[in-house]
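The residues making up each chain are set out below.
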Amino acid sequence: MKTVITYGTFDLFHIGHVNLLKRARSLGDRLVVAVSTDEFNERKSKISLVPYEHRAAIVESCRYVDLVIPENDWTQKKIDIVTHNVDFFVIGDDWKGKFDDLSEYCEVVYLERTENISSTAMREAILVFTQLGKDLI
Ligand code: C2G
């Protein structure tokens, strides 16, 4: 049984997230996803529109995901890898090199990001449409 783990905010769940989770899952038999809590997002200086409980439930509903755990801190990865007997740590290549230290515990794989989609761009689009809606009323 090969276990894969990945981490992320997964705000406004989109095809880039699906592609990442699908490819991550294909590396093993089980995929654990650590979803950043709202409190941890603040420390990541990341704003998410969707609250943690909903983000976690949406990720859990994805066919490629076997277990969702909270990501509360930068330092939990090594503990998670040991706790869940992880064989592969996977994350998008926007993080390339940042988690090489985990190769002491498991294989580290950086996957190419999906182009032309991001939660940030989606949040900005929502703001624009909201503003346009106000102007049209
Ligand atoms: N991703 C992707 N393609 C995109 C957008 C995101 O492959 N167009 C990937 C990211 O590289 C990441 C995952 O989807 O592997 C989740 O992305 P985010 O929700 O932006 O997560 P991030 O803020 O990068 O959190 O401790 C690690 C952090 O929690 C990672």
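Residues numbered from 1 in each chain as written. Predicted model: local features only at pLDDT ≥ 70, side-chain atom pairs only at ≥ 80, totals over all residues. Heavy atoms only, no water.

1. What about the overall build of the protein chain?
Broken down by element type, the protein chain carries five helices and five strands. When the helices and strands of the protein chain are read in sequence order from the N terminus, they spell out β-α-β-α-α-β-α-β-β-α. Here the protein chain has a C-alpha radius of gyration of 16 Å; the compact-globule value for 137 residues is 14 Å, and the two agree. Along the first, second and third principal axes, the C-alpha atoms of the protein chain reach 55 × 30 × 25 Å. For the protein chain, the residues scored as buried account for 44% of the 137 residues in total. The centroid of the 17 positive side-chain charges in the protein chain is displaced by 2 Å from the centroid of its 22 negative side-chain charges. (Helix = DSSP H or I, 4+ residues; strand = E, 2+ residues; numbered from the N terminus. Rg over C-alpha atoms; globule rule 2.2 N^0.38 Å. Buried < 20%, exposed > 50% of the residue type's maximum accessible area, 1.4 Å probe, protein only. Lys, Arg positive; Asp, Glu negative; His and termini not counted. Charge placed at Lys NZ, Arg CZ, Asp CG, Glu CD.)

2. Describing the packing of aromatic side chains
To describe a pair of aromatic rings, you give the distance between the ring centres and the angle between the ring planes. Within this structure, the stated rule accounts for five aromatic pairs. Judged by centre distance (5.0 Å) and plane angle (75°), the rings of F40 and W74 are edge-to-face. Of this pair, F40 sits in helix α2 (residues 38-43) while W74 sits in the loop between β3 (67-71) and α4 (77-83), and the two are 34 residues apart along the sequence. The partly exposed category is assigned to W74, whose relative accessible area is 39%. Between W74 and W95, the ring centres sit 5.9 Å apart and the planes meet at 55°, which makes this aromatic pair tilted. Of this pair, W74 sits in the loop between β3 and α4 while W95 sits in the loop between β4 (88-92) and β5 (107-111), and the two are 21 residues apart along the sequence. (Phe/Tyr/Trp six-rings, centres within 6.5 Å; stacked < 30°, edge-to-face > 60°.)

3. Here's the deal with the site of the ligand
Near the ligand, the surroundings consist of 21 residues, among which F10, K46, E71, D94 and I117 are the closest. The separation between an oxygen atom of the ligand and a polar side-chain atom of K46 is 2.5 Å. One of the side-chain N or O atoms of W95 is found 2.8 Å from an oxygen atom in the ligand. Considered on its own, the ligand offers 630 Å² of accessible surface; in the complex 97% of this is hidden by protein. Of all elements in the fold, only β1 (3-8), α1 (15-25) and β4 reach the threshold of two or more residues within the shell around the ligand. Grouping the amino acids of the shell around the ligand by side-chain chemistry returns seven nonpolar, eight polar and six charged. (Near = heavy atom within 4 Å. Polar contact = N/O pair within 3.5 Å; in protein donor to acceptor, adjacent residues only side chain to side chain. Areas by Shrake-Rupley, 256 points an atom, 1.4 Å probe, with all protein chains shown as cover. Nonpolar A, V, L, I, M, F, W, Y, C, P; charged D, E, K, R; others polar.)

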